[in-house]
Amino acid sequence: MVQQKRYRFGRTNLKISRLVYGSLPLGPLQANVAPEEGGELIRHAIKLGVNVIDTAELYGTYRHIREGLKGVSQQPHIISKTHAATAVDARRHVERALNEMNVQKLDVLHIHGARLVNPFIDRAEVLAEMKSMQREGLVDYLGLSTHYICAVKQAAEHPDIDVIHPLINRDGMGILDGTPAEMAEAIAYAAKCDKGIYGMKALAGGNLIKEARECFRFVLNLPGMHALAIGMLSKEEIEGNYKLLTTGEAEATVWEQLEKRERQIQIMEQFCKGCGACIPACTNHGIFLENGKAKIIKEACILCGYCAAACPEFIIRVV
Ligand code: SF4
Ligand code: SF4
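Residues numbered from 1 in each chain as written. Chains lettered and ligands numbered in written order. Predicted model: local features only at pLDDT ≥ 70, side-chain atom pairs only at ≥ 80, totals over all residues.

## Some remarks on the nonpolar core
- Core analysis: the largest hydrophobic core is formed by 97 residues, its most contacted members being Val152, Ile187 and Leu228.
- When we break this core down by domain, the ones giving at least three residues each are domain 1 (7-258) and domain 2 (265-318).
- The contacts of leucine 228, once residues within four sequence positions are left out, are Arg18, Leu19, Val20, Tyr198, Gly199, Ala202, Phe216, Val219, Leu220 and Leu245. (Core = buried A, V, L, I, M, F, W, Y, C linked by C-beta atoms within 7 Å. Buried ≥ 20, exposed ≤ 12 C-beta atoms within 10 Å, placed from the backbone. Domains from an automatic or database assignment. Contact = placed C-beta atoms within 7 Å.)

Structure, rendered in structure tokens:
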């Protein structure tokens, strides 16, 4: 049993594990595992020592988390995100989160701002409502999740933001306005401003899986990085990641298997109506229409599944 270490998380009162359970792959945008099965994985991670679960209104994983919380002695911290553009929708998203996960409050609520260059201008109304919900005790801390370096810098200096969830990986895949070094610099600055920081897409959605150990270490060792959210679909992955992030150790035989996994995006082209709804959903210009059918640009795709959420025909899946 690996020792359950906890780490400071910026100016929040939370003490967190280095490994954050990223729930995105469990839901309908990706592997779409049954809530009971996903819950079993989450519970396994919690028992091991993971004490933060990352989710979002968009992910469709609240029922998995509700299952995962059953029977655990120590409740983990729950972080969710709202992509709402209005106050009414933001409140609806939080109410749904609390109701579907059967929890009293969210520990952190992010503006789900992947594609927002100026999140505090574009989501001013939403942030005001988030602050209201914070005063009401529905949310403890406020945050921003983003793929933009400029937004990390804005969040670093924003008085209402406690936590930042930036996209960062060794190769910079998915960073929308600069290099990994520039994102790393913004992250270090935000940490100096005493924000809690946990990274996302350390493997660029699976594109860097063959060098997973190196890529996880790269992100975790960045100055100011407190933790990493990693999507996980098996107990072996959870155990391997927890040990690597907590102790730095990686058993060669386990990781040789883990690094062989392949992930890909699939579009059931014969059912594509050519509506184009998936195109603006992509942060990376990774999908386009050709002869009335959606096509993927493999080099640009970070396997996030956001295009899948936007497709009214439900024909895109990251598997
Ligand atoms: S094509 Fe889809 S899965 Fe790939 S990066 Fe764009 S939104 Fe994400
Ligand atoms: S949203 Fe779905 S149906 Fe519309 S173009 Fe994209 S893949 Fe095709």
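So, next bit.
## Focus: the domain arrangement of the chain
- Under the domain assignment, the chain is made up of domain 1 (7-258) and domain 2 (265-318).
- Using only C-alpha atoms to locate each centre, domain 1 and domain 2 end up separated by 24 Å.
- At the interface, 15 residues of domain 1 touch nine residues of domain 2.
- Here the side of domain 1 that touches domain 2 is built from residues that sort into seven nonpolar, six polar and two charged. (Nonpolar A, V, L, I, M, F, W, Y, C, P; charged D, E, K, R; others polar.)

## Points about unusual backbone geometry
- Backbone geometry places aspartate 194, a non-glycine residue, at a positive phi of 70°.
- The residue aspartate 194 is located in the loop between α7 (180-192) and β9 (196-199) in this model.
- C-beta crowding within 10 Å serves as the criterion here: with 12 such atoms nearby, aspartate 194 is assigned to the exposed category.
- A positive phi angle, close to 60°, is found at lysine 201, a residue other than glycine.
- Structurally, lysine 201 is set in the loop between β9 and α8 (212-220). (Helix = DSSP H or I, 4+ residues; strand = E, 2+ residues; numbered from the N terminus.)

## Re helix α6 (residues 149-157)
- The set of residues buried in α6 consists of Ile149, Ala151, Val152, Gln154, Ala155 and Ala156.
- Turning to α6, the residues buried within the fold contact α4 (119-122), β7 (139-146), β8 (163-166) and α7.

## Quick word on the site of ligand 1
- Cys282, Gly286, Cys301, Cys304 and Cys307 are the nearest of the 15 residues found near ligand 1.
- Split into classes, the residues belonging to the shell around ligand 1 amount to 12 nonpolar, three polar and no charged. (Near = placed C-beta within 6 Å.)

## Quick notes on the sheet that holds strand β5 (residues 77-82)
- Taken together, eight strands build a closed barrel; the order of strands is β3-β4-β5-β6-β7-β8-β9-β10 and the barrel is parallel. Neighbour to neighbour, the strand axes of the sheet diverge by 30° on average, direction disregarded.
- Pairing geometry for strand β3 (residues 19-22) and strand β10 (residues 227-231), over four bridges, is parallel. Counterpart to tyrosine 21 in the pairing with β10 is isoleucine 230.
- Here helix α3 (residues 87-101) sits on the sheet in contact with β5, β6 (106-112) and β7, set at roughly 145° to β5. (Pairing = 2+ DSSP bridges. Axes fitted to C-alpha atoms, helices over the stretch in contact; angles between N-to-C directions.)

## Description of helix α5 (residues 124-135)
- Here α5 is 12 residues long and its end C-alpha atoms lie 17 Å apart, about the 16 Å a rise of 1.5 Å per residue gives.
- All of the buried residues in α5 are Val126, Leu127, Glu129, Met130 and Met133. All buried residues of α5 project into a common sector of 160° when viewed along the axis, lining one side. Opposite the packed face of α5, turned more than 90 degrees from it, sit the exposed residues Ala124, Ala128 and Arg135.
- Buried residues along α5 sit in contact with β5, α3, β6, α4 and β7.
- One or two positions beyond α5, positive phi appears at glycine 137, with a value near 85°. (Expected span 1.5 Å × (residues − 1). Arc of directions from axis to C-beta.)

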